[in-house]
Amino acid sequence: MSQGLHLHGIEKTYANGYRVLRGVQLRVPERRLTTLLGPSGCGKSTLLRLVAGLEVPDAGQIFFRGEDLTQRPADQRDMSLVFQSYALFPYLSVQDNVRYGLKVQGMPAAAQAERSAQVIGLLGLGGLEDRLPHELSGGQQQRTALARALALQPALVLLDEPLSNLDANLRRHIREDIRQLQQRLGLTVLYVTHDHAEAMSVSDQVVVMQEGRVVQIGSPRDIYEQPQTEFVARFMGDSTVFEAHCDGAGQVTLGPLTIDAGQGLRQGAVQVVVRPQAWRIEPAGTQGLAGKVLRSAYLGRTVEMWVQTALGSLLVISDLTGRRHEAGAPVSLFLSRKGVSVLLPTSVSTPQTVPVFQSRRQP
Ligand code: ADP
């Protein structure tokens, strides 16, 4: 039997004529956490609602564990959806909120009590069983919503921006809790967020969406280090994109630096995406890209520097192993192997990328 969730050619246009999903193709593996990541309005929640059965696609199919669920009602899908607004029953205690779904399923009272005690413990809500939602903090309310979803032991957990109503500190705690629980219980989770840092920190697999399409799927590291389009590179934050030229031998010239992009590229215009960690900064010499440090900030684990160069003002992030370069210092920049990608000028629908394995200094 085919495992996991498979979406094939999903199309959806709302009644007002807005085409929200365009040929979405996607596989969500079991016992892993997959995030749908993209800017607000790109269709993430619509896709999640389709998986949950709250919307029906105009075309395409949804398979789970080999079964076609496309037309199956939401209550027969063995999935639980947790929204950003916790949607707890305001007049029911924590315990009764958690037991609600079990009761609807007809589970005997003793088993309900046992199951709810178990998930209440798992989510650190012990001692709060008799409180009403308005007597809980935002974080406790969100934990209760998660407990209610997990009590049903669904085959697939769907989380729609589960942290967006929480402050920064709590977001971090709860996302760590979600990740730990997912790993400990081996849950299959599909998680919607517009926050790239959140996606990077919780995911096994990240699905980047843009205007109703899937534009890249990969591990957090793949997506960050080898973005396939300029959109993905910029959306994942902290990148500089240069327009450059590739010669017939796969050599891309960036000012005085040459990047060996291999044989996969044809001669012509390319874009080079550089993460700030990819720059290696050294005292000024005769090689590399000459620059002058404009600002330098010590951030504990890293140093961030803005360096003025002939290619513009560049953000350079280095770890603390190297020498510190103060504002005003003349420096030379080189590119290291990781964090550099060469892109063909692309359209959204035909991403192509050539990973860079080597960068060289020009003599
Ligand atoms: P995301 O979760 O990525 O922010 P959504 O799936 O919520 O995106 O929405 C995608 C687009 O579809 C938005 O522009 C939104 O305004 C529009 N949309 C959502 N629901 C409806 C609806 N019921 N009718 C018409 N347009 C909708």
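As the structure is a prediction and not an experimental result, all values here were calculated from the model.

**Quick word on the domain arrangement of the protein**
Here is step 1 of the chain: You can read the domains of the protein as domain 1 (5-225) and domain 2 (238-361).
Here is step 2 of the chain: Using C-alpha coordinates to define each centre, domain 1 is positioned 38 Å away from domain 2.
Here is step 3 of the chain: Taken together, the contacts link 7 residues of domain 1 with 9 residues of domain 2.
Here is step 4 of the chain: Buried surface at the junction of domain 1 and domain 2, both sides included, amounts to about 660 Å², of which 45% is carbon and sulfur.
Here is step 5 of the chain: On the domain 1 side of the contact with domain 2, Val215, Tyr224 and Glu225 bury the most area, a combined 69% of that side's loss.
Here is step 6 of the chain: On the surface where domain 1 and domain 2 come into contact, there are 0 salt bridges.
Here is step 7 of the chain: Linking domain 1 with domain 2 are 3 residue pairs in polar contact (both at pLDDT 80 or more), by the criterion used here.

**Re the sheet that holds strand E2 (residues 19-28)**
Here is step 1 of the chain: A sheet is described by the order of its strands in space; here 4 strands give the open sequence E2-E1-E4-E5, paired in antiparallel fashion. Only two strands of the sheet have a single partner each, and these edge strands are E2 and strand E5 (67-68).
Here is step 2 of the chain: Pairing analysis gives 6 bridges linking strand E1 (residues 5-13) to E2, with the strands arranged antiparallel. For histidine 6, the partnering residue across the bridge sits in E2 and is arginine 27.
Here is step 3 of the chain: The strands that helix H1 (residues 44-52) touches are E1, E2 and strand E4 (59-64); relative to E1, the one it contacts most, it runs at about 120°.

**What to know about helix H2 (residues 94-104)**
Here is step 1 of the chain: Residues of H2 that are buried: Val94, Asn97, Val98, Arg99, Gly101 and Leu102.
Here is step 2 of the chain: Next to the buried residues of H2 lie helix H3 (109-122) and helix H4 (138-151).
Here is step 3 of the chain: Looking one or two places after H2, you find glycine 106, whose phi comes out positive at around 85°.

**As for the site of the ligand**
Here is step 1 of the chain: As a structural note, the neighbourhood of the ligand is formed by Tyr14, Asn16, Tyr18, Val20, Pro39, Ser40, Gly41, Cys42, Gly43, Lys44, Ser45 and Thr46.
Here is step 2 of the chain: Within the backbone of glycine 43, a nitrogen or oxygen atom sits 3.0 Å from an oxygen atom of the ligand.
Here is step 3 of the chain: At 2.9 Å from an oxygen atom of the ligand is found a side-chain nitrogen or oxygen belonging to lysine 44.
Here is step 4 of the chain: Broken down by element, the residue count for the shell around the ligand peaks at 3 residues, all from H1.

**Here we look at the nonpolar core**
Here is step 1 of the chain: Within the largest apolar cluster, 30 residues are counted, with the highest numbers of intra-cluster contacts made by Leu123, Leu146, Leu150, Leu159, Ile178, Val189 and Tyr191.
Here is step 2 of the chain: Listed by contribution, the elements that provide at least two residues to this core are H2, H3, H4, strand E7 (156-160), helix H5 (168-185) and strand E8 (189-193).
Here is step 3 of the chain: Counting residues per element, this core draws most heavily on H4, which supplies 6 residues.
Here is step 4 of the chain: Every residue in contact with tyrosine 191, bar those within four places of it in the chain, is listed here: Leu33, Thr34, Thr35, Leu36, Leu159, Pro162, Leu163, Ile178, Glu198 and Val202.
Here is step 5 of the chain: Core analysis: the next-biggest nonpolar cluster, separate from the first, contains 28 residues, Phe242, Met305, Ala329 and Val340 among them.

Calculation rules
- Residues numbered from 1 in each chain as written.
- Predicted model: local features only at pLDDT ≥ 70, side-chain atom pairs only at ≥ 80, totals over all residues.
- Heavy atoms only, no water.
- Domains from an automatic or database assignment.
- Contact = heavy atoms within 4.5 Å.
- Buried area = accessible area lost by both parts, 1.4 Å probe.
- Salt bridge = Lys/Arg side-chain N within 4 Å of Asp/Glu carboxyl O.
- Polar contact = N/O pair within 3.5 Å; in protein donor to acceptor, adjacent residues only side chain to side chain.
- Pairing = 2+ DSSP bridges.
- Helix = DSSP H or I, 4+ residues; strand = E, 2+ residues; numbered from the N terminus.
- Axes fitted to C-alpha atoms, helices over the stretch in contact; angles between N-to-C directions.
- Buried < 20%, exposed > 50% of the residue type's maximum accessible area, 1.4 Å probe, protein only.
- Near = heavy atom within 4 Å.
- Core = buried A, V, L, I, M, F, W, Y, C linked by side-chain atoms within 4.5 Å.

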